[in-house]
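# Structure assessment
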Amino acid sequence: MKNFLIVKLSAIGDVIHALPVAYALKEAHPYCHITWVVEPPAYDLVKMSPYIDEVILFEKKKFKSFRGFLREYGPLKRKIQARSYDAVLDLQGLFKSAAVARLGKAPVKLGMCNMRELSDRISRPVIGPHAKGHIVERYLDVARALGCPVKEVRFTLEVPEREADLAGRIFAQAGGSMTTPYAVLAIGANWPNKRWPTENFARLADYLYDRKIIPVLVGGGPVDEQRAAEICSHTEIPPLNLVGRTNFKQLTYILQQARLCVGGDTGPVHLASGLGTPTVMVMGPTDANRNGPYGQLDNALEVDRSCRYCWQRSCPKGEDCLADIEVERLQKKIEEIL
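The structure displayed is predicted, hence computed values, not measured ones.

Take the pairing of strand S2 (residues 33–38) next. Burial within S2 is extensive, with six of its six residues counted as buried. Burial along S2 is two-sided: His 33, Thr 35 and Val 37 facing one way and Ile 34, Trp 36 and Val 38 facing the other are all buried. Pairing between strand S1 (residues 3–7) and S2: five bridges, direction parallel. Its bridge partner being in S2, Phe 4 is matched across the sheet by Ile 34. Taken together, S1, helix H1 (residues 12–28) and S2 constitute a β-α-β crossover, and its handedness is right-handed. With four bridges connecting them, S2 and strand S3 (residues 54–57) associate as parallel partners.

As structure tokens, then:
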């Protein structure tokens with residue numbers, strides 16, 4: 001039986017994009033054992049994959065002090081070295097993931113094509129046929145380098161029954177029913193310039209109500225809570241507000257049942273497209289060819305500016321480029337989908 005170690009620590013969207021690698025390995029080696037090392041924010045996500053046999057938690061914060069490093073390094077090393085591996089796959093390509101990949105005992109260590117911070121000294125970068133394509137395919141090129149044919153791309157996630165039931169209860173407590181058609185609006189993003197303006201979300205929510213589709217806001221943290229309040233204050237009928245009320249397992253179930261998901265280049269939107277939910281993504285600083293909704297790239301609406309694909313967290317010019325993507329443009333796309 002073959003053993004594989006996958007190192008993909010964060011962020012949520014990137015971990016989602018890497019999930020098909022686990023299925024590709026299982027497809028080629030049905031009885032293989034897959035261990036995945038991940039950071040806390042994406043732990044629940046990885047645990048829901050039926051193709052991942054073991055999940056090792058890497059808590060980077062605990063390693064930041066010298067005392068913390070001495071306390072945490074030994075247990076992490078023992079967990080990783082509890083088995084030998086046929087291959088280690090560093091799908092993060094950073095110094096921290098290289099440090100983890102280094103602990104794995106394996107004759108083969110491979111990484112993705114865009115490795116940085118000297119991580120290519122530990123794992124060999126795979127420059128595959130999709131090196132300039134979608135990030136999902138770049139990750140899968142690493143599996144292909146191990147001889148996996150990748151006949152099918154699967155993001156399969158299994159939500160525990162208890163979490164599915166809780167999702168329904170949370171929905172009901174917010175004043176809605178999951179049996180009514182609804183659309184998920186992912187209103188936040190880590191980068192400020194990946195966030196569509198709140199007034200646009202408000203207008204879209206009103207449009208969805210007119211189509212007899214309930215708009216449902218999702219997100220987390222103080223910024224998203226403030227944005228949700230702004231959206232609700234600008235709508236004729238306030239949308240269902242689930243911001244900060246769901247964990248990742250519950251959100252996955254809610255996205256699985258949705259008619260539609262709308263948002264920027266952020267984790268919940270990538271999760272929706274991976275689950276097969278019709279997804280519309282508004283994009284400006286990042287490239288749809290690399291980061292658009294996988295399998296639904298026609299639903300990526302990019303800003304029409306010469307400076308798009310700047311890959312900057314915030315606009316150097318102080319402008320809100322996503323404001324250029326008009327509500328009417330999304331409405332037209334949604335009409336095509338529905």
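Once that is clear, we can look at the packing of H1 against helix H10 (residues 267–275). Their axes nearest at 8 Å, the elements H1 and H10 cross at an angle of 20 degrees. Taken together, H1 and H10 sit at an angle that is classed as roughly parallel. You can see that H1 and H10 cross each other, and the crossing is left-handed. Taken together, the residues of H10 that come into contact with H1 (itself represented by Ile 12, Gly 13, Ile 16 and His 17) are Gly 267, His 270 and Leu 271. Here the residues of the contact of H1 with H10 are counted per class, giving three nonpolar, four polar and no charged.

Spatial strand order, S9-S8-S7-S10-S11-S12: six strands in an open sheet with parallel pairing. Two strands lie at the open edges of the sheet, namely strand S9 (240–241) and strand S12 (300–302), each paired on one side alone. Relative to S9, strand S8 (residues 214–218) runs parallel, the two sharing two bridges. Bridge pairing in S9 places Val 216 opposite Leu 240.

With that settled, the discussion passes to the sheet that holds strand S6 (residues 124–125). Strand order in the open sheet formed by six strands is S3-S2-S1-S4-S5-S6, with parallel pairing between adjacent strands. Lying at the two open borders of the sheet, with one neighbouring strand each, are S3 and S6. Running over the sheet, H1 touches S1, S2 and strand S4 (87–90) and is turned about 165 degrees from S2.

Moving on, we come to the packing of aromatic side chains. In total, this model carries five aromatic pairs according to the counting rule given. Ring centres of Trp 191 and Trp 311 lie 6.5 Å apart, and the angle between their planes is 85 degrees; this geometry places the pair in the edge-to-face category. Remark: Trp 311 occurs in the loop between S12 and helix H12 (327–337) and Trp 191 occurs in the loop between strand S7 (182–186) and helix H7 (198–210); sequence separation between them is 120 residues. With a relative accessible area of 15%, Trp 191 lands in the buried category. Each ring, one from Trp 196 and one from Phe 201, has its centre 5.2 Å from the other, and the planes form 85 degrees; the classification is edge-to-face. Phe 201 sits in the buried class, given a relative accessible area of 0%. It is Lys 194 that lies over the ring of Trp 191; its NZ or CZ is 4.2 Å from the centre.

Conventions adopted
Residues numbered from 1 in each chain as written. Predicted model: local features only at pLDDT ≥ 70, side-chain atom pairs only at ≥ 80, totals over all residues. Heavy atoms only, no water. Buried < 20%, exposed > 50% of the residue type's maximum accessible area, 1.4 Å probe, protein only. Helix = DSSP H or I, 4+ residues; strand = E, 2+ residues; numbered from the N terminus. Pairing = 2+ DSSP bridges. Right-handed = clockwise from strand over helix to strand, strands pointing away. Axes fitted to C-alpha atoms, helices over the stretch in contact; angles between N-to-C directions. Parallel < 35°, antiparallel > 145°, perpendicular 65-115°, else oblique. Left-handed = near helix turned anticlockwise from the far one by under 90°. Contact = heavy atoms within 4.5 Å. Nonpolar A, V, L, I, M, F, W, Y, C, P; charged D, E, K, R; others polar. Phe/Tyr/Trp six-rings, centres within 6.5 Å; stacked < 30°, edge-to-face > 60°. Lys NZ or Arg CZ within 6 Å of the ring centre and 35° of its normal.

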